[in-house]
Amino acid sequence: MKKIIFGCLALALLTGFSTGLSGCDVGSSSVSRSELKIGGKTMGTFYNIIVIGDYPGGQEQLRHEAEEVLDRVNREISFFDKNSELSKFNQHKSTEPFRVSQDVADVVIASLRAGKELDGAVDVTVGPLVNLWGFGHVKTETLPPTPDDSAIKAARKRIGLDKLHVSVGYSFAELKKDIPNLEVDLSTVGEGFGADKLAELMELRGIQNYMVSVAGAIRTKGLNSRGKDWVIAIEHPTAEQNVGQRLEVPVCTMGQAISTSGSYRNYKIDEKTGQRLSHIIDPATGKPITHHTVSVSVVGATALWTDAIDTGLMVMGSEAAIRFANERNMAIYTIVKEGNEFKAHYSRAMQKYLVCD
Ligand code: ADP
Ligand code: MG
């Protein structure tokens, strides 16, 4: 394995990214172009935008338009907003088709495709299991008792990508479920979709150099203010107990999307067994993943796609995920806890992104 350059400490802490990725400047150059930076809250997490040069109407217009875009995404796919299109579909306890916007259909199509490609490892209908283990929208004051096999079996009857269908015509898009109480939670792909929509806004406004992100899903284009490739830092924990103590691995995305799924921040300890329970559920077992892969980052064309598959690759674990990625020439970077250390393993296609100039 190639030596990895570590650098750009501190920035991640300042920018408030939640799952292991952050924008980061490395190296120095005399070229320094002006930039506009904004950030704020969305989808229960943070968004950030850096535009190199000017934005039509200036910084306030950028903020206004970005928040308009993100508000629309929330109205479409938020699981928590009971009035979103997705929530309405979830409340529609019927197997009759349900009209949705093209955006919602696009996100569901990508989720179904990712699920199919990853043999069901990422499954946007997995909500009942997520709830059962205490990570879902059904809020629990304390950790629920470890579910027994019959509860898991019952929850599994309510999930399955084969029970969810999308059809898109000239002027309509529809979702349909095979069982009335099927629930769809697009949270695991929502950040990627949000980042893509921000990138779309940049394109519409003719911006050539930018970085946009929603939590751990990032899109970049062109060059940064130093006239260099954008560098994104993958958070590399150094000690299990303290994620604040970490290194960061610079990745030059070269205009691609990158996102990370990680299990070291969102977990609970089962008080009875002392076992660490991840918020990522393996739909095949109905249980939280137990392997030692702590994060998977994926570089690809769209953040919707990378965000859809990073969770599934996380379920598969580093070894299987890298095999999968190498067979498809996909760029992925995984971090595995081996003893007391965190080790990096990545696919062949990832190598070129780890060399920044
Ligand atoms: P991460 O950034 O760590 O991937 P996300 O918030 O993107 O976290 O996605 C994790 C959330 O997705 C979980 O909190 C849960 O609601 C849901 N989830 C858990 N396991 C799966 C799975 N196998 N497929 C799809 N969604 C899942
Ligand atoms: Mg994801």
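Residues numbered from 1 in each chain as written. Chains lettered and ligands numbered in written order. Predicted model: local features only at pLDDT ≥ 70, side-chain atom pairs only at ≥ 80, totals over all residues. Heavy atoms only, no water.

> Please provide a residue-by-residue account of helix α8 (residues 303-316), values included.
Two residues of an α-helix separated by three or four positions point the same way, owing to the 3.6 residues in each turn. Over its 14 residues, α8 runs 20 Å from end to end, which matches the ideal 20 Å to within 8%, given 1.5 Å per residue. Positive phi shows up at glycine 317, right after α8, with a value of about 90 degrees. (Helix = DSSP H or I, 4+ residues; strand = E, 2+ residues; numbered from the N terminus. Expected span 1.5 Å × (residues − 1).)

> Mind laying out the site of ligand 1, listing which residues take part and the relevant values?
Within the structure, ligand 1 sits among 17 residues, and Ala121, Asp123, Thr188, Ser261 and Ile281 are positioned closest to it. Measuring from an oxygen atom of ligand 1, one finds a side-chain N or O atom of histidine 279 at 3.1 Å. Protein chains shield 91% of the accessible area of ligand 1, which is 570 Å² for the free molecule. Broken down by secondary-structure element, the contributors of at least two residues to the shell around ligand 1 are β11 (257-262) and α8. Take the shell around ligand 1: its biggest share by element is 3 residues, from β11. Split into classes, the residues belonging to the shell around ligand 1 amount to 8 nonpolar, 7 polar and 2 charged. Domain assignment of the residues forming the shell around ligand 1 places at least three in each of domain 1 (7-67 + 201-354) and domain 2 (85-187). (Near = heavy atom within 4 Å. Polar contact = N/O pair within 3.5 Å; in protein donor to acceptor, adjacent residues only side chain to side chain. Areas by Shrake-Rupley, 256 points an atom, 1.4 Å probe, with all protein chains shown as cover. Nonpolar A, V, L, I, M, F, W, Y, C, P; charged D, E, K, R; others polar. Domains from an automatic or database assignment.)

> Talk me through the coordination of the magnesium ion (ligand 2); I want residue IDs and the actual numbers.
Only Asp307 (O), Asp307 (OD), Asp310 (OD) and Thr311 (OG1) from the protein reach the magnesium ion (ligand 2) as donors, at distances of 2.2 to 2.5 Å. Sequence positions of the residues that donate to the magnesium ion (ligand 2) give the spacing D-x2-D-T. In this pair, aspartate 307 and threonine 311 both sit in helix α8, 4 residues apart, roughly one turn of the helix. (Donors = N, O, S within 2.8 Å, 3.2 Å for Na, K, Ca; no water.)

> An account of the side chain of threonine 306 is needed here, citing residue identities and associated values.
Its location among the elements puts threonine 306 in helix α8. Of the residues examined, threonine 306 reaches a relative accessible area of 0% and is grouped as buried. Of note is the side chain of threonine 306, whose polar atom sits 3.3 Å from the backbone oxygen of alanine 303. In contact with threonine 306, not counting residues within four places along its chain, are Ala257, Ile258, Ser259, Val298, Val299 and Gly300. (Buried < 20%, exposed > 50% of the residue type's maximum accessible area, 1.4 Å probe, protein only. Contact = heavy atoms within 4.5 Å.)

> Tell me about the sheet that holds strand β4 (residues 98-100), residues and numbers included.
The 3 strands are arranged β4-β6-β5 in an open sheet whose pairing can be described as antiparallel. Each having just a single partner strand, β4 and β5 (164-168) make up the two edges of the open sheet. Geometrically, the sheet is characterised by an average inter-axis angle of 30 degrees between neighbouring strands, direction not taken into account. Pairing of β4 with strand β6 (residues 173-177), which is carried by 3 bridges, proceeds in the antiparallel orientation. Residue pairing for β6: phenylalanine 98 is matched across the bridge by leucine 175. Of the strands in this sheet, β4, β5 and β6 are in contact with helix α4 (residues 102-117), which crosses β5 at around 130 degrees. (Pairing = 2+ DSSP bridges. Axes fitted to C-alpha atoms, helices over the stretch in contact; angles between N-to-C directions.)

> Give me the nonpolar core: which residues, what numbers.
One finds Leu164, Leu186, Leu313 and Ile332 to be the most contacted residues of the largest nonpolar core, which totals 44 residues. Each of domain 1 (7-67 + 201-354) and domain 2 (85-187) accounts for three or more of the residues forming this core. Residues within four places of leucine 164 in sequence aside, it is in contact with Phe89, Val108, Leu112, Val124, Thr125, Lys176, Leu182 and Val184. In this structure, Ile234, Val251, Ala331 and Tyr353 belong to the second largest nonpolar core, which totals 22 residues. (Core = buried A, V, L, I, M, F, W, Y, C linked by side-chain atoms within 4.5 Å.)

> Residue-level account of the pattern of salt bridges, with values.
Under the defined criterion, the tally for this structure stands at 14 salt bridges. Residue arginine 72 pairs with glutamate 76 through a salt bridge whose shortest N-O separation is 3.6 Å. Taken together, the residues span about one helical turn, with arginine 72 and glutamate 76 both in helix α2 (residues 58-77) at a distance of 4 residues. Given a relative accessible area of 36%, arginine 72 falls into the partly exposed group. Taking the relative accessible area as the measure of exposure, glutamate 76 reaches 6% and is therefore buried. The network of salt bridges with common partners includes Arg72, Glu76, Asp103, Lys197 and Glu200. (Salt bridge = Lys/Arg side-chain N within 4 Å of Asp/Glu carboxyl O.)

> Residue-level account of the state of the cysteines, with values.
Scanning all chains against the criterion turns up 1 disulfide. One disulfide in the model links cysteine 252 with cysteine 356; its S-S distance is 2.1 Å. Of this pair, cysteine 252 sits in strand β10 (residues 246-252) while cysteine 356 sits in the segment after β18 (341-346), placing them 104 residues apart in sequence. No difference in accessibility class separates cysteine 252 from cysteine 356, as the two residues are buried. (Disulfide = S-S within 2.5 Å.)

> Provide a residue-level description of the sheet that holds strand β16 (residues 293-300), including the pertinent values.
With respect to topology, 8 strands assemble into an open sheet ordered β2-β3-β7-β8-β11-β16-β17-β18, the strand pairing being antiparallel. Both outer strands of the open sheet, β2 (35-42) and β18, are each paired with one neighbouring strand and no more. Along the sheet, successive strands turn relative to each other by an average axial angle of 15 degrees, direction set aside. Looking at chain direction, β16 and strand β17 (residues 331-338) are connected through 6 bridges and run antiparallel.

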